[in-house]
Each structure stands twice: as structure tokens, then as C-alpha cells.
Amino acid sequence: MKAAFFKEHGGSDKILYGDYRDPVPEAGEVTVRVRACALNQVDMLLLDGRFPPPEGLPHVNGCEVTGTIEALGAGAKGLAIGQRVVIFPGLSCSSCEYCLRGERTVCVRYGYLGAHKDGGYAELVKAPAANILPLPESIAFEAGAALPMAMLTAWHALVHQARVRPGQTVLVQAAGSGVGSAAIQIARLAGARVLTTVGSDDKIELARALGAERVVNYRTQDFVEEAKRWTEKRGVDIVIEHIGGDTFERSTHALTRLGTLVSIGSHDTHWGRLDLRHVYSKNLRILGTNLGSILELRTILDHVADGRLRPVIDRVFRLPEARAAVQHVLDRKNKGKVLLVP
Ligand SMILES: [Zn+2]
């Protein structure tokens, strides 16, 4: 098959396009013919070596994949060749303490499609049959590929971890990102009000269209001051944070008493400082989260099929143009998800 892969760490220039070993489904696995694969921030960490692929190089990125079933391994039941599907990217062992508790995202042997295994920047990809969900006819392959990581992570962060409620105020960092554009919509669906940040004025219109009440350009305005002004000095109930560094620390300053910050990524840096006085005196909750459950992904598919949530797609590149697609994301030019199609 053809794939976009890398043999050494670095920038987008390390992405190669060419022949790559075909995936062969083992027992309980299926091979999917990729119809669309979304780029994700985790791809950038895998590429530059901040999160080197656990199984070594060469490696194929791509954790958000839709396609059709190409081949079934032994014992893969309930699926048909040619069926339209979306792949749930979380890989878990089913037997550790946390899997048995039903908390598979903290499995001691946890992995991601496209990180711990080769992913979807390719014509074919394999995955456990248990990770396959049917993709409703009303959801295009491109839209479906924008859901499994970005929309699911935002859903789990807001609904499961932060327990968002109607009328609450939510600060969503980076409206132009996949996870940010998803979080704005999910907060609105839950009846909450949203203030969001953008890095350039051309993203303000998108943020408003998604349902944000207040949009702050973080390069020219102080988002903590704006959050205080928006809430009449009170502070927001929830922050969805995925930048790290100063943004992480300052996000805690935007919270009201008993507020919740959910950390769902570290786009700029893995490090963040905290003024602990804010944490204990305001009884703040600082929570981590990664991905969500396959049931939550099925719930999201229902909302997207019925038009209550819509993935934001910035641009679609052909697979041979993977290098340009990665550079587009690294340059932060995207408003929403960037996709590859073979
Ligand atoms: Zn486990």
C-alpha cells in the first residue's frame, strides 16, 4: 500500500510518501480501507520526537480514521466487508484493574491507534474489531474522521469530567483547534455559556458561529481580565485547557471558587506552573483527561447524524500531500480539522 510515514524525527520535511508494508489483520482484528484521516496535535508530538512512537520507526501517524471494512481477521464478528465505519482510537488490555473498573482510558497498557500502532495516513490500517463502530450514512467520511479524538476528548472532558450543567460559564481555549471547536458546541448543547480564545481575528467569526458568546484574541487581549469582565468579576465555572505553560497557569486565575480546570493536552509545552494559593483557597479542581469511551463516541455519532453537533473541517489534502497538510497545522493556519484522503 501507499502511506505517508517517517523514518526520523523532525519537521514536516521528514514525512515521506511511498510504499509501506500492508497491514495483515490478526485474530480479532480488521483491516480498514481509509477514506479519511484527520490530523491531530498528537501527530506533531510523534513526528518531532516529544512523544516518540513506542514501537519505533518507521511510523505512520493518524489516530482519527473513517473508511470501509477491507478484510476480517479470524473471529472478527458482526462486521461486513465494505461496511462504512469509524475507528475508536483507544487501545486497552481489557484485563488490568482500570479496564475492569470500566476506566479504559487509564489502562496500564493504554495506547492509541496512530501512536502505539501504525495509523491512518495510509491507504489501509488495521484495528481491533472491538474498536469499530458503524458510520451512519448521513455522516460523510470526512466529517466522521473529525470525531474520534477531537470531539470525543472534548465531550469526555466537559460531560464526564467537568459535569457541565445548564447556565454554567465555560472558557474554551483555542476555538480554531479541533478540540476547541468541538468543546464550544458541546458546552452550548449542555446549556452552558462560552467564552473562547483565538490567536487571530480571522477566527472570531467561526467561534461566534459555533455558539461562543464572547471571543478574545489572546495576542491582543488578556483572557483572564476578559473572563472576569464577562462574569462580573466572578470567574468561570469550567476551563477547557490544552495549551500548557503560561496559558495553563493563567487559566486557573480565570476560574471562580469551586471551579474546574480540565487539562486535555499540552500543545505548547508539557509544563505548567500553578500558584497553589488559588487552588486551595478557592477549592479548585484540576483534572486530567484523555480521550473517552466508545459509548461516548457512539453518542456523538447520534448527535452529528441529527445535526446537533457538527465537526469543523478546515481543509482536505490528498494523502501524497501529507507533508503540506502537517505544515499547515504546524503553522496554526487551520480553522478546525485538517484531513487527508487517499
Ligand atoms: Zn487495561
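Residues numbered from 1 in each chain as written. Predicted model: local features only at pLDDT ≥ 70, side-chain atom pairs only at ≥ 80, totals over all residues. Heavy atoms only, no water.

Chemist: I'd love a proper account of the overall build of the protein chain, names of residues and values included.
Modeler: Looking only at helices and strands, the protein chain has 11 helices and 17 strands in total. Computed over C-alpha atoms, the radius of gyration of the protein chain comes to 20 Å, within 12% of the 20 Å expected from 2.2 N^0.38 for 342 residues, which places it in the range of a compact globule. Its C-alpha atoms give the protein chain principal-axis dimensions of roughly 60 × 40 × 35 Å. Burial statistics for the protein chain: of 342 residues in total, 55% are counted as buried. Restricting to contacts in the protein chain with at least 6 residues of sequence separation, those with at least 24 account for 70%. Of the roughly 14700 Å² of accessible surface on the protein chain, a fraction of 50% belongs to carbon and sulfur atoms. (Helix = DSSP H or I, 4+ residues; strand = E, 2+ residues; numbered from the N terminus. Rg over C-alpha atoms; globule rule 2.2 N^0.38 Å. Buried < 20%, exposed > 50% of the residue type's maximum accessible area, 1.4 Å probe, protein only. Contact = heavy atoms within 4.5 Å. Areas by Shrake-Rupley, 256 points an atom, 1.4 Å probe, with all protein chains shown as cover.)

Chemist: Provide a residue-level description of the pattern of salt bridges, including the pertinent values.
Modeler: Here the structure, examined in full by the defined rule, presents 22 salt bridges. Asp-237 is paired through a salt bridge with Arg-234; the nearest N and O atoms lie 2.8 Å apart. Between Arg-308 and Asp-306 there is a salt bridge whose closest N-O contact spans 3.3 Å. The class for Arg-308 is partly exposed, based on a relative accessible area of 42%. Under the relative-accessibility criterion, Asp-306 is labelled exposed at 54%. Several salt bridges converge on common partners, so that one network encompasses Glu-26, Glu-29 and Lys-126. (Salt bridge = Lys/Arg side-chain N within 4 Å of Asp/Glu carboxyl O.)

Chemist: Break down the coordination of the zinc ion for me, with residues and values.
Modeler: The coordination sphere of the zinc ion contains the protein donors Cys-93 (SG), Cys-96 (SG), Cys-99 (SG) and Cys-107 (SG), at a distance range of 2.3 to 2.4 Å. If you look at the zinc ion, its 4 donor atoms make angles of 102 to 117° with each other, and the shape they trace is tetrahedral. Positions of the donor residues of the zinc ion along the chain correspond to the pattern C-x2-C-x2-C-x7-C. A residue pair is termed long-range when its members are at least 10 positions apart, and Cys-93 in the loop between β6 (90–91) and α2 (97–100) and Cys-107 in the loop between α2 and β7 (111–112) qualify at 14 residues. A residue is classified by how much of its surface remains accessible, and Cys-107, at 5% relative accessible area, is buried. (Donors = N, O, S within 2.8 Å, 3.2 Å for Na, K, Ca; no water. Tetrahedral: all angles 85-135°; square planar, octahedral: opposite > 155°, others 65-115°.)

Chemist: If you had to explain the sheet that holds strand β15 (residues 285–288) to someone new, which residues and values would you point to?
Modeler: The strands that make up a sheet are held in pairs by hydrogen bonds between backbone atoms, and each pair lies either parallel or antiparallel. With parallel pairing, the 6 strands of this open sheet are ordered in space as β12-β11-β10-β13-β14-β15. Edge strands, defined here as strands with exactly one partner in the open sheet, are β12 (214–217) and β15. Across this sheet, the average inter-strand angle for adjacent strands is 20°, counted without regard to direction. In the packing of helix α7 (residues 223–230) onto the sheet, the strands contacted are β10 (169–172), β11 (193–198), β12 and β13 (236–241), and the crossing angle to β11 comes to about 160°. The strands touched by helix α8 (residues 245–253) within the sheet are β13, β14 (255–263) and β15, with β14 carrying the most contacts at an inclination of about 150°. (Pairing = 2+ DSSP bridges. Axes fitted to C-alpha atoms, helices over the stretch in contact; angles between N-to-C directions.)

Chemist: Before we move on, could you go through the domain arrangement of the protein chain and cite the residues and values that matter?
Modeler: Interface size is commonly expressed as the accessible area that is lost once the parts come together. Assigned domains of the protein chain: these are domain 1 (2–146 + 311–341) and domain 2 (151–288). Each side of the interface is counted separately: domain 1 has 13 residues, and domain 2 has 15 residues. Overall, the association of domain 1 and domain 2 removes approximately 1300 Å² of surface from exposure, summing both partners, and the carbon and sulfur fraction of that is 50%. Interface area lost by domain 1 to domain 2 is led by Val-312, Arg-332 and Lys-335, which between them contribute 44%. Linking domain 1 with domain 2 are 2 salt bridges, by the criterion used here. (Domains from an automatic or database assignment. Buried area = accessible area lost by both parts, 1.4 Å probe.)

Chemist: Quick rundown of the packing of α7 against α8? Include the residues and the values.
Modeler: Axis separation between α7 and α8 bottoms out at 9 Å; the angle between their running directions is 20°. Here α7 is positioned roughly parallel relative to α8, judged by the angle of their axes. For α7 against α8, the interelement crossing comes out right-handed. Across the interface between the two elements, Phe-223, Val-224 and Lys-228 from α7 touch Thr-247, Arg-250, Ser-251 and His-253 from α8. Across the contact of α7 with α8, the residue classes tally to 2 nonpolar, 3 polar and 2 charged. (Parallel < 35°, antiparallel > 145°, perpendicular 65-115°, else oblique. Left-handed = near helix turned anticlockwise from the far one by under 90°. Nonpolar A, V, L, I, M, F, W, Y, C, P; charged D, E, K, R; others polar.)

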